[in-house]
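# A closer look at the structure
As a plain string of letters, each chain reads:
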Amino acid sequence: MAKINENYLKLPQNYLFTEIARRVKKFQLENPDAQIIRLGIGDVTQPLPKVCIDAMAEAVQEMGKIETFRGYGPEQGYLFLREKIAEWNYKKRGINISADEIFISDGSKCDCGNIQEIFSLDSKIAIFDPVYPVYLDSNVMAGRTGNLQSDGKFENVVYLPCTEENNFNPAPPSEKVDLIYICSPNNPTGTVLDKKSLKNWVDYAKENNAVIFFDAAYSAYITEENLPRSIYEIEGAKEVAIEFRSFSKTAGFTGTRCGYVVIPENLCATTSSSEKILLKNLWLRRQSTKFNGTSYIVQRGAAAIYSDEGQAQVKILADYYLENAKIIRDGLNAAGLKNFGGENSPYIWLKTPKNFSSWEYFDELLNKFNIVGTPGAGFGTCGENFLRLTAFGRREDVLKAVDRLIVG
Ligand SMILES: *Cc1c(COP(=O)(O)O)cnc(C)c1O
């Protein structure tokens, strides 16, 4: 009989979203008239920008003519898209990243999950707690961790607690790690790391020969001028960091699929005999073996956001969700509910009142207000006593939800 990769069995049942669905369904059956509002979803609701639709429609037509038909694209992604990204997301912000350092993908989840493959299995990883579960789970599957312990943590992982006390901004660990996952703006806490904090991480990585994986999926939601959108705004980051970006939350591409990784030209890690290897080459090798590119049509759609008109249209999207976030925050404040994030992020991190656990408060919100959030404990042990609310809903639902909270 064939044997399985037993590392998969170390993962607990992914019961967060199924458990939410189960409780919501049960409530709805018992209360058929209740109008449930979902503020738990991590998915966008607004349609794609017009520039993207037009560009994709044109690309579809090109695919229908022999002169302009395209088959497999370049392994790293089309140059027209990589050049636009380099110019608009980096050069225009004074950052020196070239098209050669950009690798187009069909979204950032696979990139964040796959990147660990090009590193040694005995690498020590550090993750923020709470955080996007992909970073940890992909390392568990690869066998880079031990077993899940009774305290809810995996052996051989350095967890960096994000708490109210440290403003959800943990300091680098005292011990040495090899790979560090940073998500800023953070999903789920909504916290954005400032330049000084990121500089600490870059310094730590240099001192410890570590590599930082910087997930900037929500950079489009940063409105404050001085907050870094990219880790490469920090001096020296090109020597230690890989950056992940996505069109999902920026341009509504969650169902359309496009993202990219930036691996700086000279970024290296070593073999066990201390030979330096360029990570960019390893990643290209990995991608060209296991991935056949993002569709031409989608890459055309993504490239369309890089014009004055395209930028104006994606800004309208981000502003819409940020206004939702403001309405939610103001509502929570008026209802006397302590909350964090939501200012440079579509996520609001709600502290449960009266020391309710995440799940107890989930039930309370559902039963009393017919509002669905996401229990913070689902993102890591330090998410206990919090609930994540998202601003990705429709305006009318957000207003209704807030009304219910304030009326009490
Ligand atoms: C949504 C999200 C992504 C992007 O995922 P896609 O696969 O590009 O849709 C990446 N990182 C985090 C933290 C996210 O929340």
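In this report, we go over the structure that sits alongside the text. In this text, all values refer to a predicted model and were calculated from it rather than measured experimentally.

So, on to the site of the ligand. Taken together, 14 residues are adjacent to the ligand, and Asp215, Tyr218, Ser246, Ser248 and Lys249 come closest. Here an oxygen atom of the ligand sits 2.6 Å away from a polar atom, N or O, in the side chain of Ser246. Residue Ser248 places a side-chain N or O atom 2.5 Å away from an oxygen atom belonging to the ligand. Expressed as a share of its isolated accessible area of 380 Å², the protein-covered part of the ligand is 93%. Breaking the shell around the ligand down by element, the ones donating at least two residues are helix H4 (108–114) and helix H7 (248–251). Residue composition of the shell around the ligand, grouped by class: 5 nonpolar, 5 polar and 4 charged.

According to the stated counting rule, one finds 0 disulfides in the structure shown. Lacking any disulfide linkage, Cys382 is separated from the closest cysteine sulfur, that of Cys162, by 7.2 Å.

Here we come to the packing of helix H1 (residues 16–30) against helix H11 (residues 358–369). One way to put it is that H1 packs onto H11 with a least axis distance of 11 Å and a crossing angle of 35°. Every pair of crossing elements has a handedness; the one defined by H1 and H11 is right-handed. The residues of H11 that touch H1, namely those facing Leu16, Glu19, Ile20, Arg23, Val24 and Phe27, are Trp359, Phe362, Asp363, Leu366 and Asn367. Residues belonging to the contact of H1 with H11 are distributed by class as follows: 7 nonpolar, 1 polar and 3 charged.

This brings us to unusual backbone geometry. Omega for the bond connecting Asp129 with Pro130 falls within 30 degrees of zero, at 5°, which places this linkage in the cis form. With respect to the helices and strands, the residue Pro130 is situated in the loop between strand E3 (125–129) and helix H5 (134–142). With an omega dihedral of -5°, the bond running from Ser184 to Pro185 counts as a cis peptide bond. Position of Pro185 relative to the elements: it lies in the loop between strand E5 (179–183) and helix H6 (195–208). Non-glycine residue Asn385 carries a positive phi angle of around 70°.

Let us look at the sheet that holds strand E4 (residues 157–161). An order of E2-E8-E7-E6-E5-E3-E4 is seen for the 7 strands of this open sheet, with the pairing classed as mixed. Edge positions in the open sheet fall to strand E2 (102–105) and E4, since each of these has one partner strand only. Ignoring which end each strand starts from, the neighbouring axes of this sheet average 20° apart. Sheet topology places E3 next to E5; 3 bridges connect them, and they run parallel. Across the sheet, Ile127 pairs through a bridge with Tyr181, a residue of E5. Running over the sheet, H6 touches E3, E4, E5 and strand E6 (211–215) and is turned about 150° from E6.

On to helix H3 (residues 79–90). The terminal C-alpha atoms of H3 lie 15 Å apart, and with 12 residues this matches the ideal 16 Å at 1.5 Å per residue to within 8%. On its buried face, H3 sits against E2, strand E7 (241–246), strand E8 (259–262), helix H9 (296–303) and helix H10 (308–334).

Calculation notes
Residues numbered from 1 in each chain as written. Predicted model: local features only at pLDDT ≥ 70, side-chain atom pairs only at ≥ 80, totals over all residues. Heavy atoms only, no water. Near = heavy atom within 4 Å. Polar contact = N/O pair within 3.5 Å; in protein donor to acceptor, adjacent residues only side chain to side chain. Areas by Shrake-Rupley, 256 points an atom, 1.4 Å probe, with all protein chains shown as cover. Helix = DSSP H or I, 4+ residues; strand = E, 2+ residues; numbered from the N terminus. Nonpolar A, V, L, I, M, F, W, Y, C, P; charged D, E, K, R; others polar. Disulfide = S-S within 2.5 Å. Axes fitted to C-alpha atoms, helices over the stretch in contact; angles between N-to-C directions. Left-handed = near helix turned anticlockwise from the far one by under 90°. Contact = heavy atoms within 4.5 Å. Pairing = 2+ DSSP bridges. Expected span 1.5 Å × (residues − 1).

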